[in-house]
Structures are given as structure tokens and as C-alpha cells.
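Reading the structure
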Amino acid sequence: MTIFKEKLSEEFLTVSQAKELLSAIEADRATDEDREMRYELARAVDHVNRFAFLDPDESLELVEELLELEKVDEPQAYKIADLLPRDRTEVRAVYAQERYALDGDELDAILDVVAKYA
């Protein structure tokens, strides 16, 4: 007998969106003196505060622009929006697990879109 949890739904978030959600939770916990923030929550808040460079609306605009490109699908678009790569090597790292490689023009197109927001 094996026990598996069923995945009901999946939604991608940028780090900026996660920061917005976690800051609401953090503010809620701060008003209640009896509830402390758990270690995991405190680490997550610290992480998003450190690595969220865009505001949530900008990050979603970036994702939408990236999705318009041919070789960019949803998981890669969100990862690129989180990382804001600055050169071809960093973009290649996002695609390292894929069965295909991007050519120079495709890498440059991604970097051009990211440059508008970085």
C-alpha cells in the first residue's frame, strides 16, 4: 500500500508575488502577539525580501512578454522573471534541463525583454 497526495492544482508565482503574499501573512502575525512566526515562514520572508527585485505587476508584465517568445513556456518565463539573467550563460542555465538548446538569436531576444525590466 502506497500513500500519495493528489495534486489538485498548480499555479506559478514570481518571487515578487510571493513577497506580497508573505508580507500580508507577516503583518497578520505581527498584530497577534501570541503567534510567533515559524522558522520556515521567517526564512521564506527573508528570502523573498532579499531576492524580489521587481514589484508584482512588473514581474507579471515581464512573464507575459516572455511568453510571447517562441521557445519560452510558463515555467521558464517565471524562472527568468525571478532570476533576471544578465548574459547568455545565465539564460542557458534556465534551459539546462531541457532537451533542446537555444541559439544566439533566441538567447538575445530573451535578454532584450529582461533588459527592459532590470
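A few points on the structure. (Residues numbered from 1 in each chain as written. Predicted model: local features only at pLDDT ≥ 70, side-chain atom pairs only at ≥ 80, totals over all residues. Heavy atoms only, no water.)

**Here we look at the overall build of the protein chain**
The helix and strand tally for the protein chain stands at 6 helices and 0 strands. Expressed as a percentage of the 118 residues in the protein chain, the buried residues total 31%. Sequence separation of at least 24 residues holds for 54% of the intrachain contacts in the protein chain that already meet a minimum separation of 6. Taken as a whole, the protein chain presents about 8800 Å² of accessible surface, with 48% of it coming from carbon and sulfur. Side-chain charges of the protein chain comprise 15 positive and 31 negative groups, with the mean position of each set lying 7 Å from the other. (Helix = DSSP H or I, 4+ residues; strand = E, 2+ residues; numbered from the N terminus. Buried < 20%, exposed > 50% of the residue type's maximum accessible area, 1.4 Å probe, protein only. Contact = heavy atoms within 4.5 Å. Areas by Shrake-Rupley, 256 points an atom, 1.4 Å probe, with all protein chains shown as cover. Lys, Arg positive; Asp, Glu negative; His and termini not counted. Charge placed at Lys NZ, Arg CZ, Asp CG, Glu CD.)

**What to know about helix α6 (residues 104–117)**
Given 3.6 residues per helical turn, the α-helix brings residues three or four places apart onto the same face. Under the 1.5 Å per step criterion, the end-to-end length of α6 is 21 Å for 14 residues, consistent within 8% with the ideal 20 Å. All of the buried residues in α6 are Leu107, Ile110, Leu111, Val113, Val114 and Tyr117. Looking straight down α6, one finds that the buried residues subtend no more than 160° of arc, so they occupy a single side. Opposite the buried face of α6, at more than 90 degrees from it, the exposed residues are Asp105, Asp112, Ala115 and Lys116. In this structure, the buried residues of α6 make contact with α3 (56–67), α4 (74–83) and α5 (88–94). (Expected span 1.5 Å × (residues − 1). Arc of directions from axis to C-beta.)

**Quick look at the environment of leucine 66**
As for its placement among the helices and strands, leucine 66 is situated in helix α3. Distance in space between the C-alpha atoms of leucine 66 and valine 91 is 12 Å, their sequence separation being 25 residues. Dropping the residues within four chain positions of it, leucine 66 is found in contact with Val72, Ala77, Ile80, Ala81, Ile110 and Val113.

**Here's the deal with the pattern of salt bridges**
Per the counting criterion, the structure on display carries 5 salt bridges. One salt bridge connects glutamate 10 with lysine 7, and the closest N-O pair in it is separated by 3.4 Å. The exposure class assigned to lysine 7 is exposed, which follows from its relative accessible area of 61%. (Salt bridge = Lys/Arg side-chain N within 4 Å of Asp/Glu carboxyl O.)

**Some thoughts on the packing of helix α1 (residues 15–31) against helix α2 (residues 39–51)**
Running from amino to carboxyl end, α1 crosses α2 at an angle of 135°, the nearest separation of the two axes being 9 Å. The pairing of α1 with α2 is recorded here as oblique in orientation. Along this stretch, α1 crosses α2, giving a crossing that reads as left-handed. The segment α1 lies against α2, with Val15, Ala18, Lys19, Leu22, Ile25, Glu26 and Arg29 engaging Leu41, Ala44, Val45, Val48, Asn49 and Phe51. (Axes fitted to C-alpha atoms, helices over the stretch in contact; angles between N-to-C directions. Parallel < 35°, antiparallel > 145°, perpendicular 65-115°, else oblique. Left-handed = near helix turned anticlockwise from the far one by under 90°.)

**Here's the deal with α2**
For α2, which comprises 13 residues, the first-to-last C-alpha distance of 18 Å matches the rise-based estimate of 18 Å (1.5 Å per residue) to within 8%. Considered for burial, the residues of α2 that qualify are Leu41, Val45 and Val48. Each buried residue of α2 lies within a common arc of 70° when the element is viewed along its axis, so the set occupies one face. With respect to the buried face of α2, the exposed residues turned more than 90 degrees away are Tyr39, Glu40 and Arg50. Each element contacted by the buried residues of α2 is listed here: α1.

Interpretation in functional terms is not warranted from these geometric data alone.
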